[in-house]
Each structure stands twice: as C-alpha cells, then as structure tokens.
Amino acid sequence: MTPSSLGADTSTAINQAIAAARQGDLAGARTIAQTALADGGDEVALNAFLGMIEAQGGDLSAAIVHLHRAHELRPDDVTIALNLISALVDHGDYAKAFEIATSELAERDPTFRIARYRAFSAQVTENYSEAVAGYRQVVAALPDDFESWNNLGNACSATGDVSGAVSALKTAMALDRKSIPTRLNLASALRDADCAAEAEQILREAAADFPDDARPWHEIYVNAKRDWDNEKALEALDQAVALDDNDAGLQLKLGVEKGILHQHDESEAAFTRALEIDPRMTDAYLGLAIQYEHTNREEMFAPLIAKATGNELEDGAIAFLRALEYRRERKFDEALAAISSVPPEIEPQRSAHIRATILDRLGRSAEAFAGFEEANRMQIASPSDPLKRAADLRDRLETEIGTMTPEWVDGWTPLKPADNQPSPVFLVGFPRSGTTLLDTMLMGHPDTVVLEEQPPLNHVDEMLGGIDSLQGLDQATLDAARERYFAEVAKLCDWAPGKLLIDKSPLFLHKAALIHRLFPDARIILALRHPCDVVLSCFMSNFRLNSAMANFLQIDDASNFYDVTFRHWEQANAILPLNVSRVVYEELIEDVEAVLRPLFAYLDLPWNPEVLDHRKTARSRGLIKTASYSQVVEPIYNRASGRWLGYRDNLAGVLPTLAPWAARFGYTV
C-alpha cells in the first residue's frame, strides 16, 4: 500500500512521518503517525508504519504490537507479514514467527524470505521435518543459496536423513569453500553416515586451509574419542589448545584427557588454566579435586574450596568438594550430609559412587550396595555399550581356554631364550587383590624398578596378533617382540643394569602363555585374596570402563569374569611350567615381614627393612593409577578383609560361582 492509495489525511501524515524519519527524527515520525492513528487514520497503514519505526528504533516489543495489529487486519499482505516475522525472529519468538510464516504466505513471497524464516524458525524450535520442507522450497528456487543448503543439511541430520544431510552439505561446501562451519557440519554428517575416513579427510583439509582455527582439530578430537582412540584424540586436542589457549572449554577437556592417561602434572595445569580463563567453571574445580584425590594431596582440598567460595561457585559444587574433604578426614556423617546436598546435575555418577562409599564406611551395607548399583547403572548407559564389551571379553577368554591344550603347546616351534637381557618379573592377580599395596612395597627396595599397569606387554601382544600367533612363532619374530617390549619399557622408566624390573598389571593373568613364550624363565608373583572380597570390591570401585573393567558394573558379570579369568590362569598353569610365587593378601596385612622375606628371597633380592614403610614409598611415588590410591598411604589395616560378610545377602546369587574358587585357595564361604 502506497500513501497515494490512502485517504488524504493518512497519506499526508505518512508522507510527513517518512520525511521526519529520513532526517533521523524517529521520535517525530512516531508522534506524527500516532496522532494520525488517534484521529481515525487508516489502521493498517499507520500500524504497519509504526511497526517499522519501532523496529528501526530498537523497540521490538512495540514493533510487534503494531505489526501484529496490521497483520490481523490484512493477513494476506506479504510485506506486513514479512516485517512482523522478521521482528518476531529478532525478538527470539520463533514459535510465533513460524505460526505467522505460513506455507501459503511463503509461496506468495517472491523474495523467498518468508520461506527462509519459516524454515529457520522450525529448525530453532526443533520442528525439523518442517525445516527440511522449508529449506527445500528455498533451494529449489534459489540453488545458489549456500546458507540454505547448509541449514538444510543440518536439518536433515536432525531428522536422521544422513544421506540427505551429506548431499546438502556437499552442495553448500561446493558453493562456498571458505565457510569452515559448513565443512565441520559436513564432517559430522559423514561421520553419522559411517564415512569416518572421509570425515577425517574433510577436517584435516579444513585444518590445513584454516591453520589458525582450532575448530577442525577439536572435531578431529571428538571423532577420535568416538572411536576410543585416546592417543589420536589427545594429539588433536593438543593442536586445538595450541591454537586457542584462551578457550576454557578446550582446557577443561585437555585436563580430562591428560587425567585419563595419568599425566597428572599436565592435567592439573590444564584445569588450572581453565580456571584462570573462567574462575567459575565448575567442572574445572571438580577436575582438580579428583586429581588431588588420586595423588593423595588432601591438603589441597581446603585451598581449592576457599578459591571456589571466593569465586562464588554454586553451593552444590562446593558441597561436592566438601564431601571429598570430609571423607578423607573420616568425618563420614559430615561427608554424607555434604554429598546428599549435591544437585543431580553435578557429577551424577561420581556423586552417587562417593555417597555409596560413605554409606559403606558407616556400616549401612544395604544402602551402600544399592548406591553402588545406582552409580554403576549410570555407567552402563554409556554409548560405548560396556556390558557388550565385557561379555565379548569373557567370550574371548573362553575361546582362548579351548585353544590352550597340551597338543597346542606341543606344536610350538622350539626357540632359544634371550641371553642378553634378564627377564622381568610379572606381578599379577585379580583387581583389588592387594597388587597395589604389594607393588608399593616392592618399589621401596633400592634394587627394583616397578612398572604399574603400563602397556609394553600389550603392545607386544598386538604386534604378534594375540594368542593364536604363539604356536607358529619363529625366532626372528620372537627376538623382535622381546626387543619391542624392552624398547617400550625404556620409554617409561630408567631401567639400569642390576635393577630388577617388575611389571605389575593384575589382568596379565590372561597373558601367562604370552609371558612364558617371551620369557620362559620369568618369575610370576600371583596376588590372592578371598574371591568374595575381591569381586565385591571390584563391584564397588569406580574404574575407567575399558572392556575388562566393564565386567564390574554388575555383580553377576564380576563373578563370571573372576571365574573365567582363573580358569584361564589355571589352564595356562596346567600346560606350561610357570614359575609362580603366591602372596596372600590376608597374610600380608597380618604380618608384612613374614610374607615379604620369602618373597624377596624368591626374587633374589637382599632383605631391606625400608620396604616395610610402604606409606613413605606411597607418598613419594607420585600418581597412583589404580583404584587403591587412597588406601596405600594408610597404615596396614584389615578393615577390608572379610568385608563381604556384611554383604552376604547381596552376594547370595554369585556364591555358587565363587565358592569353589574360595575352597581352592583355602578360604571358607
């Protein structure tokens, strides 16, 4: 509608108002139009004009009121509808914008702006099917509209149409290769379409084309995490952080990843940097607290809590920190009160686990067991499908037991033992059998070097191809495998001649055949503890969920894993001349010296009374990587011995599996 088609008074008023607006006098233009409207002027034209003036002046609420009135009076007017929709979108009212931007109006708009607004509003309000339809309408008419192709791709992804998403985003990237968000979106869509290699190629090309942008490296990190490739993930994250040191979120992720790899100093530095950037980042405080707990630096809790309080961190996060402090101080009632006040959105799984551990220390066994079940259920929900991974491992061990027959060993190619390098000692035992306490005592001897749950033997296993490779192994391959083992050891520690290397990893129980094939004269220390205490403790522990530890999320799986593990171990012992010395946990805590003296004789180590001060050794050893980190700095105690008796009812279903092993190892049930 033009001023000439209006009544004389309205036309004059609008012309005067337009002139005032052009001179920058928006207030005067508004007054002229409002006066004309009050005097009975044309409601549609004057409200439409006032809507534009108010929008131009930044008062979107007032603009919407006037434009909505004009639209009510003339709903088929595309221009009025377009201005109203634009104001609603700018105001953030996407639902109303979508309601106004009908498909009929979109079809009548030659500019296709209404179609774009309709699609965008649908996308923001998660009405993705309408968004797809809207964007398809736009790109059909405007095939060079790169932004609509990009948005169409994202909307298709949201509906699960991965092929449509890839097609649309490839078109968008072809139209504008300078848009890095489009490349990132395409990589994500390719990943969803199971085209991981192509996705990574897109991201690495983006990283090369935009060398100062951290985002491609961050997405490479995300993809690597989805593949459980922690090494590649960390490399990519390091690149992202190097490009954007001021991103608190990247620093937080770096702290988490360094923590997973037990790189304590780097993890703490990253969390600290995150707090320098964002002093109120809750997760960075929690990350630091967990690092302090794992390194037995409980004296750092108080200053961390003071810092959190000074930066006005939310009460729930501070309660989480206080619960850790109270628990380490053995103020269990206070710890329970603190952890119970932590809201569910703050570290829900870890909070549930901490609460269960406190209930256990208070002797409230039934509540504690239920608490551990709750914490484990949260881990079971992981997208990595931990229960399936756990079952797959048990199945693999069953298959290996069937492989390990006397006939299989008889078919081994005779090979010469190594004569240029002494064999390591291997410390094995089901998790939570006292291996960490024992290795702490062993590392207290000046003539030992202890590897704690490090990967050299796993690298060799992967290099050879698993248990099926052992029978046909030739001398050159065996020599290369030994060389690889010691090369990997050299990356991790200074192992000088004359030092006894002790490679501790509990579940090397599964690798007895490999150990014997590599090092026929290797001595093996087997740590034993009551099967019921072991399985219960594993169920109660907050392990990182690799395929082995995933077995401890359910008590039935834990007992079945114990059973197949020791059947695997016993079968290896039955067919191979393994050199094994047993250390019984209950005997160790009862009389440390009486157990250690014969063990040191077995290892050809001179007796050294310093090994009895395991707390001093634990304090000086740095990061303790196992679930026993908080216990090895305590005096020797027997609190955990026989703990399972308080949970007998909870273990009733697994006792038939564990009782035979208890009897075999000299325990009663």
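Residues numbered from 1 in each chain as written. Predicted model: local features only at pLDDT ≥ 70, side-chain atom pairs only at ≥ 80, totals over all residues. Heavy atoms only, no water.

A. Seen up close, the overall build of the chain. Scanning the chain for helices and strands turns up 36 helices and five strands. The C-alpha radius of gyration of the chain comes to 34 Å, more than 25% above the 26 Å expected for a compact globule of 669 residues. Taking the principal axes of its C-alpha atoms as reference, the chain extends roughly 115 × 60 × 45 Å. Residues classed as buried in the chain amount to 52% of the 669 residues present. The contacts of the chain with a sequence gap of at least 6 include a subset with a gap of at least 24, amounting to 65%. Considering the chain, the positive charge centre built from 64 side chains and the negative charge centre built from 100 side chains are found 4 Å apart. (Helix = DSSP H or I, 4+ residues; strand = E, 2+ residues; numbered from the N terminus. Rg over C-alpha atoms; globule rule 2.2 N^0.38 Å. Buried < 20%, exposed > 50% of the residue type's maximum accessible area, 1.4 Å probe, protein only. Contact = heavy atoms within 4.5 Å. Lys, Arg positive; Asp, Glu negative; His and termini not counted. Charge placed at Lys NZ, Arg CZ, Asp CG, Glu CD.)

B. Quick look at the nonpolar core. Judged by nonpolar contacts, the single largest core of 110 residues is most densely connected at F430 and F566. The greatest single-element share of this core, amounting to nine residues, is contributed by helix α31 (residues 555-575). The contacts of F566, once residues within four sequence positions are left out, are F430, L509, L526, L528, W661 and F665. Counting residues in each nonpolar core, the second largest holds 42 residues, with A155, L184, A207 and A224 among its members. (Core = buried A, V, L, I, M, F, W, Y, C linked by side-chain atoms within 4.5 Å.)

C. Representation of the packing of helix α18 (residues 282-294) against helix α19 (residues 301-310). Interhelical geometry of α18 versus α19 gives an angle of 175° and a closest axis separation of 10 Å. In terms of orientation, α18 lies roughly antiparallel with respect to α19. Contacts between α18 and α19 pair Y285, L288, A289, Y292 and E293 from the former with F301, L304, K307 and A308 from the latter. The class makeup of the residues in the contact of α18 with α19 is seven nonpolar, no polar and two charged. (Axes fitted to C-alpha atoms, helices over the stretch in contact; angles between N-to-C directions. Parallel < 35°, antiparallel > 145°, perpendicular 65-115°, else oblique. Nonpolar A, V, L, I, M, F, W, Y, C, P; charged D, E, K, R; others polar.)

D. Seen up close, the packing of aromatic side chains. One pass over the structure, following the stated rule, counts 22 aromatic pairs. The structure contains a cluster of three or more aromatic residues connected by ring pairs, namely F430, F543, F552, F561, Y562, F566, W661 and F665. Directly above the aromatic system of Y585 lies the positively charged group of R529, at a separation of 4.8 Å from the ring centroid. (Phe/Tyr/Trp six-rings, centres within 6.5 Å; stacked < 30°, edge-to-face > 60°. Lys NZ or Arg CZ within 6 Å of the ring centre and 35° of its normal.)

E. Structural detail: the pairing of strand β1 (residues 425-428). Burial along β1 is two-sided: the residues V425 and L427 and F426 and V428 are all buried. When β1 meets strand β3 (residues 500-504), the two strands line up parallel, connected through three bridges. Residue L427 lies in a different strand from β3, and its bridge partner there is K504. When β1 meets strand β4 (residues 523-528), the two strands line up parallel, connected through four bridges. In the sheet register, F426 faces β4, and the bridge partner there is I524. (Pairing = 2+ DSSP bridges.)

F. Looking closely at the packing of helix α9 (residues 128-141) against helix α10 (residues 146-159). Between α9 and α10, the shortest axis-to-axis distance is 9 Å and the interhelical angle comes to 150°. Classed by the angle they form, the pair α9 and α10 counts as roughly antiparallel. Once α9 is placed against α10, the crossing between them reads as left-handed. Residues Y128, S129, A131, V132, Y135, R136, V138 and V139 of α9 pack against S148, W149, N151, L152, A155, C156, A158 and T159 of α10. A breakdown of the residues in the contact of α9 with α10 according to their chemical character gives 11 nonpolar, four polar and one charged. (Left-handed = near helix turned anticlockwise from the far one by under 90°.)

G. Expanded view of the sheet that holds strand β5 (residues 579-584). Read across the sheet, five strands follow the order β2-β3-β1-β4-β5 without closing on themselves; strand pairing throughout is parallel. Both outer strands of the open sheet, β2 (448-452) and β5, are each paired with one neighbouring strand and no more. On average, each strand axis in the sheet is tilted by 20° relative to the strand beside it, whichever way the strands run. Running over the sheet, helix α28 (residues 475-492) touches β1, β2 and β3 and is turned about 90° from β3.

H. Representation of the environment of A17. Mapped onto the elements, A17 comes out in helix α1 (residues 8-22). The exposure class of A17 is buried, given its relative accessible area of 0%. On a C-alpha basis, the gap between A17 and A81 in space is 22 Å, while along the polypeptide they are 64 residues apart. In contact with A17, not counting residues within four places along its chain, are A29, I32 and F49.

I. Seen up close, the pattern of salt bridges. The tally for this structure, following the rule as stated, stands at 39 salt bridges. Across the pair R183 and D209 runs a salt bridge whose closest N-O atoms are separated by 2.8 Å. Separated by 26 residues along the polypeptide, R183 in helix α12 (residues 180-192) and D209 in helix α13 (residues 196-209) bring together distant segments of the chain. According to the relative accessible area criterion, R183 is buried, its value standing at 3%. (Salt bridge = Lys/Arg side-chain N within 4 Å of Asp/Glu carboxyl O.)

The analysis is restricted to geometry; functional conclusions fall outside its scope.
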